[in-house]
Amino acid sequence: MTTNTAADLNRRLAIAEFLNFEDVAEGFTVANVTTRHATARIALQGAHVMTYQPAGHPPLIWLSKFAKFAPGKSIRGGVPVCWPWFGPHASEAGFPGHGFARTVPWALTDARLLPDERLRLKFELIHSDATRAQWPHASNVKLIITVGPELEVALATTNTGSTPFELGQALHTYFEIGDIRKTTITGLENCDYLDKVGGTTRKTQQGAVSFTQETDRIYLGTRGHCEIHDPVLGRRIVITSTGSHSTIVWNPWTEKADKMGDFGTDGHLGMVCVETANAAEDVIQLAPGATHRMTAQYRSIKD
Ligand code: TA6
């Protein structure tokens, strides 16, 4: 029987110098990736990228200093995979926000070093009685993570049953920035968005996105390319995506971050979430036998 313990994973899938596994807490194992292109840490729970730093650049992904690593608990930071719904469940208030994929174990089905020394990990969500109780649809979901000069993430869902279902999802990525108050995002100009702060209202983005307060928006009709401009760290983060026409932009600001308890004082100043998604009117109707693929690529460019 295969398990997600570091000992078992090291025996089956470690790649000398480039990939090894470590138990960082009881029942919580992490893959450590080191190549000439980048370093990354990925939790087996949630197939969750926790850190990613391209060589010669500041970390691209933000992980809270106060993030908790425990079975069944979501991690504050990294690349949480929200699946098979985004936000609250449509009808069941007791089901977890953003779905269950980020808090259950995934199987690592393949790990390999590509000829150009990018390292590719393939994960598959492990269904259980607990997941089936919340998601009775026959489905298969795979996540492929490629660690190279860019971080590439591809999420594929197949309807393996005989009835259609509705799929909502997001790569809820937390990016590391110098100061949210000096950060702007381009690529969302003229898109409509659902502004979720203080009740949901529909608005249209004028110019670049900037931040002066809590920001929680679902941008609609997005075009698969946006950029985070960070004059403090002196870089841009370029986000390109496919299979997604909605983008969430989130920063909780001071009060909400304090209430969440795992940001630390002023932790929110150093992060922004820009999430490649299928959310709101962009949810996917998946026919029997069909596969939906959503991908995101993240690159750090020095300015
Ligand atoms: O994507 C933005 C959002 O949906 C916010 O409304 C905010 O609550 C955030 O996600 C974090 O959610 P979490 O469940 O990880 O605390």
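Owing to the predicted nature of the structure, the values given are computational and were not obtained by experimental measurement. (Residues numbered from 1 in each chain as written. Predicted model: local features only at pLDDT ≥ 70, side-chain atom pairs only at ≥ 80, totals over all residues. Heavy atoms only, no water.)

Q: Hey, could you go over the nonpolar core for me, with residue numbers and the actual values?
A: Core analysis: the largest hydrophobic core is formed by 67 residues, its most contacted members being Trp83, Trp106, Leu121, Phe123, Leu143 and Ile185. Discounting residues that sit within four places of it in the chain, leucine 143 has contacts with Ala47, Val81, Trp106, Leu121, Lys122, Phe123, Val153, Ala154, Leu155 and Leu171. By size, the runner-up hydrophobic cluster in this structure holds nine residues, among which are Phe86, Ala170, Ile248 and Ala277. (Core = buried A, V, L, I, M, F, W, Y, C linked by side-chain atoms within 4.5 Å. Buried < 20%, exposed > 50% of the residue type's maximum accessible area, 1.4 Å probe, protein only. Contact = heavy atoms within 4.5 Å.)

Q: Report on the site of the ligand, specifying residues and quantitative values.
A: The ligand sits among Arg76, Phe86, His98, Arg102, His172, Asp216, Ile248, Trp250, Met260 and Glu275. Within the contact set of the ligand, an oxygen atom lies 3.1 Å away from a side-chain nitrogen or oxygen of arginine 76. With the chains in place, 81% of the 390 Å² that the ligand exposes on its own is no longer accessible. Residue classes in the shell around the ligand are distributed as four nonpolar, two polar and four charged. (Near = heavy atom within 4 Å. Polar contact = N/O pair within 3.5 Å; in protein donor to acceptor, adjacent residues only side chain to side chain. Areas by Shrake-Rupley, 256 points an atom, 1.4 Å probe, with all protein chains shown as cover. Nonpolar A, V, L, I, M, F, W, Y, C, P; charged D, E, K, R; others polar.)

Q: Which residues make up helix H1 (residues 6-13), and what values do they have?
A: Taken as a whole, H1 has its buried residues at Ala6, Asp8, Leu9 and Leu13. Buried residues of H1, viewed axially, fall in a sector of 160°; they line one side. With respect to the buried face of H1, the exposed residues turned more than 90 degrees away are Ala7 and Arg11. Summarising the contacts, the buried residues of H1 are in contact with strand E1 (19-25), strand E2 (28-34) and strand E6 (106-113). (Helix = DSSP H or I, 4+ residues; strand = E, 2+ residues; numbered from the N terminus. Arc of directions from axis to C-beta.)

Q: An account of the pattern of salt bridges is needed here, citing residue identities and associated values.
A: Under the definition given, this model contains 19 salt bridges. One salt bridge in this structure joins aspartate 262 and arginine 76, with 2.9 Å as the shortest N-O distance. On the criterion of sequence distance, the pair formed by aspartate 262 in the loop between helix H3 (253-260) and strand E21 (271-278) and arginine 76 in the loop between strand E4 (48-54) and strand E5 (81-82) is long-range, its members being 186 residues apart. Of the two residues, aspartate 262 and arginine 76, both sit in the buried class. In this structure, the salt-bridge partner of aspartate 179 is arginine 181, at a minimum N-O distance of 3.0 Å. The class of aspartate 179 is buried, set by a relative accessible area of 10%. Among the ionic contacts, a cluster of salt bridges with common partners joins Asp8, Arg11 and Arg12. (Salt bridge = Lys/Arg side-chain N within 4 Å of Asp/Glu carboxyl O.)

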